[in-house]
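# Residue-level structural notes
Each chain, letter by letter, is given below.
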Amino acid sequence: MIRFACLLLSLFLIACSDSSDDNPPDKALPDFTMADTWLESFVATEPLFPGGSMIIVDKTAGVIHKSAFGNQSEDSVVLLASTSKVPAVTLLMALHEDDANVNFDISAPITNYLPWLGVWDSAITTENLVSNRSGIPGLFNIFIRPADYAPHLCQFLPAGTLLECAETLFTTALPNLPSTKPNTAFDYGGSQWQLAGGVAELVGGGTWHQLWDQYIAEPCGLQVARFGNNLSLSDGWDGNPDGLVGLANPNMEGGMMSDLDDYAKLISLHLNDGACGGNQVLSPEGVAFMRKDRSPEVGYGMGWWIKAPKQGGSVYLYDDPGYYGSISWIDIERGYGAVVFFEEYTGTAGRVGSGGVTSQLIPIIEEALDAVR
């Protein structure tokens with residue numbers, strides 16, 4: 001139980017280019033040799049990271065680099081943990097912007113959409129849920145007071161359905177755990193994310209998978225990426241997509257699997273004002289709405305962590321790290337984004353991977369980009 005609690009806690013622990021028409025179409029591409037050298041060296045020296053891969057996406061040119069080292073290939077399918085959060089919110093925003101869902105507003109109370117008599121504040125919105133400001137006890141509690149959080153564990157287990165779990169979460173109080181009024185405090189992860197998935201199914205009139213296919217996978221041309229619930233079974237993951245379990249109760253904040261190519265398309269969506277696969281999946285206002293800082297004390301939007309601005313500059317990085325070590329990010333100023341995949345499925349050192357990318361690899365990539373821009 002303690003190992004599983006640590007695994008879940010680690011979910012917590014774990015942003016314009018010169019691309020105008022005036023630039024010559026045959027301009028030099030960045031040299032990412034040093035970036036590859038870093039990643040190759042990292043997986044060669046870190047015993048809990050036997051493989052790693054990355055893909056870099058330019059706003060206008062598309063994929064400009066892809067590489068893999070160790071026991072990963074460029075086609076590896078990995079479990080993403082919290083690097084699932086931005087994709088999950090992307091679907092919720094697509095539902096919000098679909099005129100067919102005339103009654104759904106991501107900033108309206110979830111009691112408008114849930115048919116059950118709940119025990120939480122009636123003012124909670126879906127926006128509150130996925131900005132970690134709902135007031136519902138967050139993920140830390142499963143580690144601090146696991147017995148008191150136990151009634152809400154359905155969100156992390158591959159059993160039942162998403163709606164069944166959402167009903168349990170919405171109607172079951174956690175009286176011994178601290179809660180707050182909505183939109184008054186940041187409390188990361190947990191039940192609030194799974195409730196957002198329940199709202200999506202009820203508003204969209206289909207399962208999460210059906211909605212994912214309709215709003216995201218099909219218009220973006222995704223082949224592999226989908227959600228399951230392998231959080232309690234991740235150390236047995238062998239990279240086979242058929243091994244994804246919990247499909248009826250997918251975990252919203254940490255249940256996605258993907259390969260590099262599919263995730264790159266999602267990055268491109270957020271770089272290109274909501275356009276993906278030739279389709280306008282979100283409006284420019286919708287992708288910007290996800291990046292709005294709702295908790296300046298920590299820097300968090302909806303799915304995106306927001307890095308502090310560089311001296312004299314605007315916000316420079318939005319990222320979405322996960323406890324298995326993977327991390328995705330977009331740099332709005334430079335007009336690029338990327339994801340690095342790691343598979344630290346023991347749940348003990350994921351931050352070594354995502355932290356190394358943030359502190360060491362990203363500056364190397366920036367230098368390569370700036371050298372040709």
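Residues numbered from 1 in each chain as written. Predicted model: local features only at pLDDT ≥ 70, side-chain atom pairs only at ≥ 80, totals over all residues. Heavy atoms only, no water.

A separate point is the overall build of the protein. Along its length, the protein carries twelve helices and eleven strands. Here the C-alpha atoms of the protein give a radius of gyration of 20 Å, agreeing with the 21 Å that 2.2 N^0.38 yields for 373 residues. For the protein, the computed accessible surface area is about 14,200 Å², with 52% contributed by carbon and sulfur atoms. (Helix = DSSP H or I, 4+ residues; strand = E, 2+ residues; numbered from the N terminus. Rg over C-alpha atoms; globule rule 2.2 N^0.38 Å. Areas by Shrake-Rupley, 256 points an atom, 1.4 Å probe, with all protein chains shown as cover.)

As a further point, take unusual backbone geometry. The backbone phi angle of Ala 81 is positive, close to 50°, even though this residue is not glycine. Its location among the elements puts Ala 81 in the loop between β3 (78-79) and α3 (85-97). Positive phi outside glycine occurs at Asn 183, with the angle close to 65°. You can see Asn 183 is positioned in the loop between α7 (162-171) and α8 (191-204).

As enumerated under the stated definition, the model contains eleven salt bridges in all. Between Asp 319 and Lys 307 there is a salt bridge, and its shortest N-O distance comes to 3.3 Å. Linking Asp 319 in strand β9 (residues 318-321) with Lys 307 in the loop between β8 (305-306) and β9, this pair joins segments that are twelve residues apart in sequence. Overall, Lys 307 belongs to the partly exposed group, its relative accessible area being 29%. We note a salt bridge from Asp 370 to Arg 334, for which the minimum N-O separation is 2.9 Å. Taken as a pair, Asp 370 in helix α12 (residues 350-372) and Arg 334 in the loop between β10 (327-331) and β11 (336-341) lie far apart in primary sequence, 36 residues in all. Here the salt bridges do not stand alone but share partners, grouping Asp 331, Arg 334, Glu 366 and Asp 370 into one network. (Salt bridge = Lys/Arg side-chain N within 4 Å of Asp/Glu carboxyl O. Buried < 20%, exposed > 50% of the residue type's maximum accessible area, 1.4 Å probe, protein only.)

It is worth spelling out α3 at this point. Taking 1.5 Å of rise per residue, the 13 residues of α3 would be expected to cover 18 Å, and the 18 Å separating its terminal C-alpha atoms lies within 8% of that figure. The buried fraction of α3 is high, at eleven of 13 residues. Lys 85, Val 86, Pro 87, Ala 88, Val 89, Thr 90, Leu 91, Leu 92, Met 93, Ala 94 and Leu 95 are the residues of α3 that are buried. (Expected span 1.5 Å × (residues − 1).)

What follows covers empty space enclosed by the protein. Approximately 70 Å³ is the volume found for the largest cavity. Every residue lining the largest cavity is listed: Val 86, Pro 87, Thr 90, Tyr 263, Leu 266, Ile 267, His 270, Trp 304, Ser 328, Trp 329 and Ile 330. Of all the elements in the fold, those that place two or more residues in the lining of the largest cavity are α3, α10 (260-271) and β10. Tallying contributions element by element places α10 first for the lining of the largest cavity, with four residues. Residues belonging to the lining of the largest cavity are distributed by class as follows: eight nonpolar, three polar and no charged. One number sums up the size of the second largest cavity: a volume of about 40 Å³. Taken together, Leu 79, Asn 230, Leu 231, Leu 244, Gly 254, Gly 255, Met 256 and Tyr 324 make up the full set of residues lining the second largest cavity. For the lining of the second largest cavity, the per-class residue count stands at five nonpolar, three polar and no charged. (1 Å grid on protein atoms, 1.4 Å probe; cavity = no way out; pocket = protein on both sides within 12 Å on 5 of 7 lines; lining within 4 Å. Points joined across faces, edges and corners; volume = space filled by probe spheres on them. Nonpolar A, V, L, I, M, F, W, Y, C, P; charged D, E, K, R; others polar.)

Next up on the list: the sheet that holds β8. Judged by pairing direction, the sheet is antiparallel, and its six strands sit side by side in the order β2-β1-β11-β10-β9-β8 without closing on themselves. For this open sheet the edge positions go to β2 (62-70) and β8, each flanked by a neighbour on one side alone. Across four bridges, the pairing between β9 and β10 is antiparallel. Bridging from a neighbouring strand, Pro 321 pairs with Ile 327 of β10. Along the sheet face, α12 touches β1 (51-58), β2, β9, β10 and β11 and points at about 35° away from the line of β10. (Pairing = 2+ DSSP bridges. Contact = heavy atoms within 4.5 Å. Axes fitted to C-alpha atoms, helices over the stretch in contact; angles between N-to-C directions.)

On to the packing of α3 against helix α11 (residues 284-291). In contact at an axis separation of 10 Å, α3 and α11 are set at 135° when each is read in the N-to-C sense. By the angle between their axes, α3 is oblique relative to α11. Viewed along their axes, α3 and α11 form a crossing whose handedness is right-handed. Facing Val 86, Val 89, Thr 90, Met 93 and Glu 97 of α3, the residues of α11 in contact are Gly 286, Phe 289 and Met 290. (Parallel < 35°, antiparallel > 145°, perpendicular 65-115°, else oblique. Left-handed = near helix turned anticlockwise from the far one by under 90°.)

An order of β3-β5-β4 is seen for the three strands of this open sheet, with the pairing classed as antiparallel. The open sheet is flanked by β3 and β4 (226-227), the only strands paired with a single partner. Pairing between β4 and strand β5 (residues 256-258): two bridges, direction antiparallel. Paired with Phe 227 across the two strands is Met 256, which belongs to β5.

Another aspect to go through is the side chain of Glu 201. You can see Glu 201 is positioned in helix α8. Despite its burial, Glu 201 pairs with no opposite charge, the nearest such side chain being Arg 226 at 11 Å. Those residues within four positions of Glu 201 in sequence are excluded, and the remaining contacts are Leu 162, Leu 163, Gly 206, Thr 207, Trp 208 and Leu 211. (Lys, Arg positive; Asp, Glu negative; His and termini not counted.)

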